[in-house]
Structures are given as structure tokens and as C-alpha cells.
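# Coordinate inspection notes
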Amino acid sequence: MLNFELLKKDFMQMQVSQAAFFGLLVAVAAMIITIAVYLCSIKKSRGCLDPENFKEFKLTKRTPISHNTAKFRFALPKSTSILGLPVGQHILCRGKDSEGNEVIRPYTPITLDSDIGYFELVVKMYPKGRMAHHFREMHEGEYLPVKGPKGRLKYKVGQARAFGMIAGGSGITPMFQVTRAILENPKDKTNVHLIYANVTVGDILLKDELDSFATNSPNRFKVYYVLSQPTEVWNGGIGHVSKEMIQMHCPTPAPDIQILRCGPPGMNKAMADHLNALGYTLDMQFEF
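What you are looking at is a predicted structure, and each value in this text was computed from that prediction instead of being measured.

This next bit is on the sheet that holds strand β2 (residues 69-75). Strand order across the open sheet formed by 6 strands is β4-β3-β6-β1-β2-β5, with antiparallel pairing between neighbours. The sheet is open, and its two borders are formed by β4 (102-107) and β5 (118-124), each paired with just one other strand. Shown here is a sheet whose adjacent strand axes are inclined to one another by a mean of 40°, direction ignored. Direction of pairing for strand β3 (residues 90-96) relative to β4: antiparallel, over a ladder of 6 bridges. Paired with Cys93 across the strands is Arg105, a residue of β4.

This brings us to the layout of surface pockets. Taken as a whole, the largest pocket spans an internal volume of roughly 800 Å³. Elements with a contribution of two residues or more to the lining of the largest pocket: β4, β5, α2 (130-137), α3 (172-183), α6 (265-277) and β12 (285-287). A class-by-class count of the residues in the lining of the largest pocket yields 14 nonpolar, 14 polar and 5 charged. Empty space within the second largest pocket amounts to approximately 330 Å³. Put simply, the parts of the chain that give the lining of the second largest pocket at least two residues each are β8 (191-198) and α6. It is α6 that contributes the most residues to the lining of the second largest pocket, 3 residues altogether. Residue classes in the lining of the second largest pocket are distributed as 9 nonpolar, 8 polar and 2 charged.

What follows covers the confidence of the model for the chain. Per-residue confidence for the chain averages 90 on the pLDDT scale, and 84% of its residues sit at or above 70. Under a pLDDT of 50 for its full length, residues 41-45 has, in the predicted model, 1 contact with residues more than four places off or in other chains.

Among the nonpolar cores identified, the biggest contains 29 residues, and Phe163, Met165, Ile172, Leu194, Tyr196 and Leu210 are the most heavily contacted of them. Every element with two or more residues in this core is listed here: β7 (162-168), α3, β8, α4 (207-216), β9 (221-227) and β11 (257-262). Sorting elements by how many residues they give to this core places α3 first, with 6 residues. In contact with Tyr196, not counting residues within four places along its chain, are Ala167, Gly168, Gly169, Ile172, Asp203, Ile204, Leu205, Leu210, Tyr224, Tyr225 and Val226. Membership of the second largest hydrophobic core comes to 24 residues, among which are Leu59, Leu76, Leu85 and Val103.

Rules and cut-offs
Residues numbered from 1 in each chain as written. Predicted model: local features only at pLDDT ≥ 70, side-chain atom pairs only at ≥ 80, totals over all residues. Heavy atoms only, no water. Pairing = 2+ DSSP bridges. Helix = DSSP H or I, 4+ residues; strand = E, 2+ residues; numbered from the N terminus. Axes fitted to C-alpha atoms, helices over the stretch in contact; angles between N-to-C directions. 1 Å grid on protein atoms, 1.4 Å probe; cavity = no way out; pocket = protein on both sides within 12 Å on 5 of 7 lines; lining within 4 Å. Points joined across faces, edges and corners; volume = space filled by probe spheres on them. Nonpolar A, V, L, I, M, F, W, Y, C, P; charged D, E, K, R; others polar. pLDDT = per-residue confidence, 0-100. Contact = heavy atoms within 4.5 Å. Core = buried A, V, L, I, M, F, W, Y, C linked by side-chain atoms within 4.5 Å. Buried < 20%, exposed > 50% of the residue type's maximum accessible area, 1.4 Å probe, protein only.

Right, here's the structure in full:
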């Protein structure tokens, strides 16, 4: 005969065990959520920038790149700190010109928040540049006042199917920042087509890094160099960036593409005219 009392007892014990199991699952889930929120808050709190007030960062390494260009590495407060700069944004740097007057200029770091404990700027020090004078006179161990983040663009994965980028001179730095973020993110499938204009081969900034992008991601990144004063042996573009170059090396106008441009004022104006003439709407264009 069945022992109903024993069955009843086993059934009640099983119910208690199930309740305990589900209670444990809820507790574990709550713990995971708490840890995730905590880690997220830590990551956010490690950002070192202040959009309203200048903060000083120590120059730890200055590396010459060319006769008028250098890479400047600045230490963050802790070895675990991140700068906290969204991709597509820039910082404001404060210094003094040759006459001792205060000057503030925007710069885009070539580092990302995946670079822990420091950030880097590549600066072309033009002879008459006011902020260029400050960087030219900076020595390791000195401090640079910085404020940010600043800017109108905050890049998000999937923002465009493809980017066309037109850069001139030091205008390469925001393009480099966005490109590096795209190519280093395995979830980002955006394609990048860069036209980069300079005077001579020696003026091309970050060329080794750009060529490495093209070699390692040939289906996702392409770069076309344009020189106004090329050497005798030169396989790239010659002169100034033309409508024909844009047609050949940038994605055609479409709702899911964007053309980014950054260069001297005259170049930006000429590129805007070219893009308008080629049928790129204002929604497809962005100027840093």
C-alpha cells in the first residue's frame, strides 16, 4: 500500500527545495546586476575630464615625428585611469603664445579609452601657430591644462554603413580616432574610405599606422594620399582633392553613408562645394 504520509512529506520537501533553488537564482542574478552596475560606475568615475574646468596633465614623453611634428604623451592621475573621451569628441588645451598671451585650441587625442593611464596628442607645430609655440616650448615634466569633452559628434556603432573621410594636414587626428575605434571593435562592420591631403610625403602624419590599418583590414579601410608637391616617384594623387577623387575614393551618396571632413578653412570650404555638387546632402556631411 502507498504511504500517503510519506509521499506528502517528500512532496513538501521537494517544494521547499525548489523554492530555495529559485531563491538562490534570484540572489545570484541580483548579485550579477549589482556587480555590473558597480563596474560601470567605476568605469565612468575613472574619466578624468571636466567639461567646465581645466585640469592639468603631466607630459611624460615627447617623441619627435618630423621637423615640425611631435607626439606628446600625458599621464592620467592613476595607472588605471581613462581619459573619458567619447569617440568623435575632442579636448581644449590651454597655453601661452610667443608673447605670453593665453591661447586655447582644440585637439583630438589619437588614443582611446582602451588606452589606460595616459593619452597622446600628435601636434604639428606650424611656425606662426600660437598654440604651436606652447607645444614647441613644452618639456617633459611640465603640465598641460585640458578641458573636455567637447564637440558635436559622438560616434556610435552602426551610425553609418560607410564613412568617407577627407582630411588635410593635422585634420587627420579626428579621422584616426574614429577609424581606430571602428577597426578595433569586432562588432563594428563600418567601412572607411579616407582621402588624406598634404604638401609633401614628410608631412603625412601617422602614415605607418594608417598603412597598417589598410594592410590588416583591406576590406574595411582604404586610404588615398594626395600631395601638392610630390616627389618624382609618387603613386598617389597630385594637386588638391578634386571632385573626381571624391567620386573615385568615397562611397557614393546614400542615406546610410556619411562624409567627414577636417582640414584648413579653405580646404573645408572647397570640399563642401565639391560634396554639394556631387549630390551629398547636408545630412550626409559633417565637418569637425
